[in-house]
Structures are given as C-alpha cells and as structure tokens.
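The residues making up each chain are set out below.
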Amino acid sequence: QGCLQGILGPGPSRPGLASQAVAWIGFGNGVAINAASLLAGAAMDRYPRRLKLGIVFGLGICVFATAAFTLQLPCSLLPAGAVPPLPRSQAGLLLSLVVAGFAQGLTTPLVYELAAELLYPVKEGMSAGILVLLLNASCALLIVGNDLLPPDAMNEIMTA
C-alpha cells in the first residue's frame, strides 16, 4: 500500500490521486488476489498436474496488466515532460491493478505447490519459507527504493 501511495499519490511526476482513491485501488488489488487464490486452489484440486500451465498463464496476464499500469504513468524511459503512451484514468489504473492482483493470486498457490513438489524429500514448510524469504527481500528492496529513487523510476521497477 505504501508503494502505491508513493507512485500514485501527490508529488512531482505522479498522477496526484487522493489517498482515499489509492486506498481503494489497493483494496481492489487485495480482493482480487484473495479471490484468485481461492479459484486457483479449486482448479488445482480439479486439474492436479497443470501447475506449470497455470503459472505461465497467470504470469502472462500479470505482465500484461502491470505493463498497462506502467504505461499510464510517467516513465523514466520517456523524455522529460512526455505524455505516457496510454491514457490515464483512475478506472484504468484500478482495472490494471485488479487484473494484476488476480493474476498474482492465481499464480501464488501454484508456485507454492510446485516448489513443494520440486523439493519433495524436504518438508513443505522449508520450500514455503524460502519463497517467503525471497518475497520479503524483494519487498525490502522496493521499500528502500521508494525512498531513494524518483517515482518515474519506481514505475519500471514495479513492472519488472
């Protein structure tokens, strides 16, 4: 949520959305993540050997939605003062982040299950612990980067 406030909130090279609007965008993203996680669990029970297909499908959607989000915002790859390639609206930002959240929620349980299968003799808690460690390390880098880098550079980092 703090990263969204830093990217979407008021300030130079930012859209300047109100804190309440950014909060609703973050809430929509969170709801989409949880709903997709439930759907992924049900799909995993029904099609148990399709983990890789689900992961690739979900990550493809996530890349598309996150790129759409980034292309609506100022970007350090564009010349100073250039207009972003996609028109920006609050609804467009919300839709792109909800779709990205849905894709993230779809892939997360599948990645955990695949990691547990790949490390089979090791207990499932170890593979989950490694994934959480990597997630926390990447979040720490984003938090530090949010304070040190300009907002338009953070847009590309979030897409990556």
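Reading guide: rules and limits
Residues numbered from 1 in each chain as written. Predicted model: local features only at pLDDT ≥ 70, side-chain atom pairs only at ≥ 80, totals over all residues. Heavy atoms only, no water. Helix = DSSP H or I, 4+ residues; strand = E, 2+ residues; numbered from the N terminus. Buried < 20%, exposed > 50% of the residue type's maximum accessible area, 1.4 Å probe, protein only. Contact = heavy atoms within 4.5 Å. Areas by Shrake-Rupley, 256 points an atom, 1.4 Å probe, with all protein chains shown as cover. Patch = residues over 30% accessible without salt bridge, like charges linked within 9 Å, V, L, I, M, F, W, Y side chains within 5 Å. Salt bridge = Lys/Arg side-chain N within 4 Å of Asp/Glu carboxyl O. Phe/Tyr/Trp six-rings, centres within 6.5 Å; stacked < 30°, edge-to-face > 60°. Core = buried A, V, L, I, M, F, W, Y, C linked by side-chain atoms within 4.5 Å.

### Quick look at the overall build of the chain
Argument step 1. When its secondary structure is counted, the chain shows 6 helices and 0 strands.
Argument step 2. Written out in order from the N terminus, the α and β elements of the chain read α-α-α-α-α-α.
Argument step 3. Per-residue burial for the chain yields a buried fraction of 34% across its 160 residues.
Argument step 4. Across the chain, the fraction of contacts at a sequence separation of at least 24, relative to all contacts at a separation of at least 6, is 64%.
Argument step 5. For the chain, the accessible area works out to roughly 9,700 Å², and carbon and sulfur atoms hold 71% of it.

### A look at a nonpolar patch on the surface
Argument step 1. Where nonpolar side chains cluster on the molecular surface, the patch consists of L118, L119, V122, M126, I130 and L134 and spans about 560 Å² of accessible area.
Argument step 2. Looking at which element gives the most residues to the nonpolar patch, the answer is helix α5 (residues 124-148), with 3 residues.

### A look at the packing of aromatic side chains
Argument step 1. Under the definition given, this model contains 1 aromatic pair.
Argument step 2. Centroid distance W24 to F27: 5.5 Å. Interplanar angle 90 degrees. Geometry classified as edge-to-face. One end of the pair, W24, and the other, F27, are both in helix α2 (residues 19-46), 3 residues apart, so they sit about a helical turn from each other. One exposure class covers both W24 and F27, and it is exposed.

### Some details on the nonpolar core
Argument step 1. Counting residues in hydrophobic clusters, the biggest one holds 9 residues: L8, L17, A21, V22, I25, F69, L73, L93 and L97.
Argument step 2. Elements that contribute at least two residues to this core include exactly α2 and α4 (90-118).
Argument step 3. Sorting elements by how many residues they give to this core places α2 first, with 3 residues.
Argument step 4. M44, L51, I55 and L110 belong to the second largest nonpolar core, which has 5 residues in total.

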